[in-house]
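# Chains, contacts and geometry: an overview
One-letter residues, chain by chain:
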Amino acid sequence: MRKSPIVALAIVALIGALGVFVVVNTFSDGIKLPKIGPECTVRADGEVTLDYVQMANAATITAVGLRRGMPERAVVIALATAFQESKLENLDDGDRDSVGLFQQRPSQGWGTIEQIKDPRYAANKFYASLKKVKGYQKMRVTDAAQKVQRSAYPNAYEKWADESAVLARALTGRATGAVECSVSGSPVLRGAEAAAALMDGLRLDWGRGLPESAAAKQAGGLTVKVADPSAGWRYAHWLVAHASATGLERVRFGDLEWHAPDGKWQAVTAGSAAGTSRVVAEVFN
């Protein structure tokens, strides 16, 4: 009896699926299939998924706000603005002469192209302008952002308010083990070079918020002294957010440890715990 085209297609699809199953099971010990799914997940009374670049930029925007002494609400507004303007990516171009995370325009006095393309400079300029907006903490996210950006789409920022609040809770240190990034493959840096990259990034992002005596670099990583758990989780989450570009392998704080390949925070034994007075970061050797 002649089979219908639909039945024939179903048989072909089944054979293909079985073939894949056989191949995967035959070679599973020798082949690592690419991971499917988000590279970073943030959970803090909500969930947000980002790629490595977006996660690192979100952490930098938050760090700049905190070192300026800005409240968490300001961080939420800044993150929502960058979500809308660039999807948290440091863009080379945009509408007219707009560039960078916040799509700031050199022609409107935001700085040179080179300056605006520096995420720390761009975030600092945004916060400086936001600080001048009277009552911004009581405004809707989109209204406060619009006072700074003067966008042709003034209500567009509000759709990112919830995601930005989740990120802000985690990156300001109000959530425990909230930033998880899975980093696979060969590290981009190793040893002393990786430790130096971590330290440089910390100093650039945190500036005066990271006193010289607070962080110490070793050949295998660095240690950051902290005054309380909230400060510890700020730095721990920042480190994980920048892991893919720095060769970071492990972060320990309190009784939890993050490990690059699996990307999860896991409980450690009492003898391996870092305590709550320091954040310990180890790089690949």
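Starting from 1, residues in each chain are numbered consecutively following that chain's sequence as written. Reporting of local features is limited, given that this is a predicted model, to residues whose pLDDT is at least 70; pairs of side-chain atoms are given and counted only at 80 or more, and all residues count toward the totals for whole chains, interfaces and linings. As a convention, hydrogens and water are excluded, and side-chain values are obtained from all of the structure's heavy atoms.

### What to know about the packing of helix H3 (residues 72-86) against helix H5 (residues 119-131)
One way to put it is that H3 packs onto H5 with a least axis distance of 11 Å and a crossing angle of 125°. The angle between H3 and H5 falls in the class oblique. The handedness of the crossing between H3 and H5 is right-handed. Between H3, through Ala74, Val75, Ile77, Ala78 and Thr81, and H5, the contact on the second element is made entirely by Phe126, Tyr127 and Leu130. Any residue that is not Ala, Val, Leu, Ile, Met, Phe, Trp, Tyr, Cys, Pro, Asp, Glu, Lys or Arg is counted as polar, Gly included; the first ten are nonpolar and the last four charged. Partitioning the contact of H3 with H5 into residue classes produces 7 nonpolar, 1 polar and no charged. Geometry is summarised by axes, namely lines fitted to C-alpha atoms with helices restricted to the contacting stretch, and by angles between N-to-C directions that run from 0 to 180 degrees. Strands are runs of DSSP state E lasting at least 2 residues, helices are runs of H or I lasting at least 4, and numbering of each runs from the N terminus. Relative orientations are named as follows: roughly parallel for angles under 35 degrees, roughly antiparallel for angles over 145 degrees, roughly perpendicular for angles from 65 to 115 degrees, and oblique for any other angle. Crossings are assigned a handedness: left-handed for a near helix turned anticlockwise from the far helix by less than a right angle, right-handed for a clockwise turn. We call two residues in contact whenever any of their non-hydrogen atoms come within 4.5 Å of each other.

### Let's talk about the state of the cysteines
Two cysteines joined by a covalent bond between their sulfur atoms form a disulfide. Here, two cysteine sulfur atoms that lie within 2.5 Å of each other are counted as a disulfide. By the definition in use, this model includes 1 disulfide. One disulfide bridge connects Cys40 with Cys181, the sulfur atoms lying 2.2 Å from each other. The chirality of the disulfide connecting Cys40 with Cys181 is right-handed, given an S-S dihedral of about 115°. Taken together, the residues span a long stretch of sequence, with Cys40 in strand E1 (residues 40-43) and Cys181 in strand E3 (residues 179-181) at a distance of 141 residues.

### A short note on the packing of aromatic side chains
Pairing of aromatic side chains requires ring centres within 6.5 Å, counting the rings of Phe and Tyr and the six-membered ring of Trp. Pairs whose planes differ by under 30 degrees are stacked, by over 60 edge-to-face, and all others tilted. One pass over the structure, following the stated rule, counts 6 aromatic pairs. Between Phe83 and Trp160 the ring centres are 4.8 Å apart and the planes differ by 5°, which places this aromatic pair in the stacked class. With Phe83 in helix H3 and Trp160 in the loop between helix H6 (141-149) and helix H7 (161-171), this pair connects stretches of sequence that are 77 residues apart. For the pair Phe83 and Trp160, one class covers both residues: buried. Per-residue accessibility, obtained with a 1.4 Å probe over protein chains only, is compared with the maximum for each type, and a residue is labelled buried under 20%, exposed over 50%, and partly exposed between these values.

### A word on unusual backbone geometry
Not every positive phi belongs to a glycine, and Asp45 is a case in point at roughly 55°. Residue position: Asp45 is located in the loop between E1 and strand E2 (47-50). Using a relative accessible area of 72% as the deciding quantity, one classes Asp45 as exposed.

### Some thoughts on the sheet that holds E1
Spatially, 3 strands are ordered E2-E1-E3 in an open sheet, and the strand pairing comes out antiparallel. Bordering the open sheet on either side are E2 and E3, each of which pairs with just one other strand. In this sheet, neighbouring strand axes are inclined to one another by 15° on average, regardless of whether the strands run parallel or antiparallel. Here, any two strands with at least 2 DSSP bridges between them count as paired. By the bridge criterion, 4 bridges tie E1 to E2 in an arrangement that is antiparallel. Across the sheet, Cys40 pairs through a bridge with Leu50, a residue of E2.

### Topic: the confidence of the model for the protein
The predictor attaches a confidence to each residue, called pLDDT, with possible values from 0 through 100. For the protein, the mean per-residue pLDDT works out to 87, and 85% of the residues sit at or above 70. Ignoring residues within four places in sequence, the model shows residues 1-36, a span with pLDDT below 50, making 3 contacts including any to other chains.

### Observations regarding the sheet that holds strand E8 (residues 265-267)
Ordered by their spatial adjacency, 6 strands build an open sheet running E4-E5-E9-E6-E7-E8, and the pairing between neighbours is antiparallel. Looking at the sheet topology across the chains shown, the edges are occupied by strand E4 (215-218) and E8. Put simply, the sheet's adjacent strands are angled 20° from each other on average, direction ignored. In this sheet, strand E5 (residues 221-225) lies alongside E4 in antiparallel orientation, the contact comprising 4 bridges. Pairing of Gln218 across the sheet is with Gly221, part of E5. Contacting E5, strand E6 (248-254), strand E7 (256-259), E8 and strand E9 (275-283), helix H9 (residues 229-241) crosses the sheet at an angle of about 170° to E6.

### As for the nonpolar core
The definition of a nonpolar core used throughout is a set of buried Ala, Val, Leu, Ile, Met, Phe, Trp, Tyr and Cys residues joined through side-chain atoms within 4.5 Å. Formed by 84 residues in total, the largest nonpolar core has its most connected members in Met55, Ile61 and Leu167. Domain extents, as shown, originate in an automatic or database domain assignment. Here this core spans two domains, and each of domain 1 (51-172) and domain 2 (179-283) adds at least three residues to it. Leave out the neighbours within four places in its chain, and Leu167 touches Val42, Val48, Leu50, Met55, Ala58, Leu79, Phe83 and Leu88.

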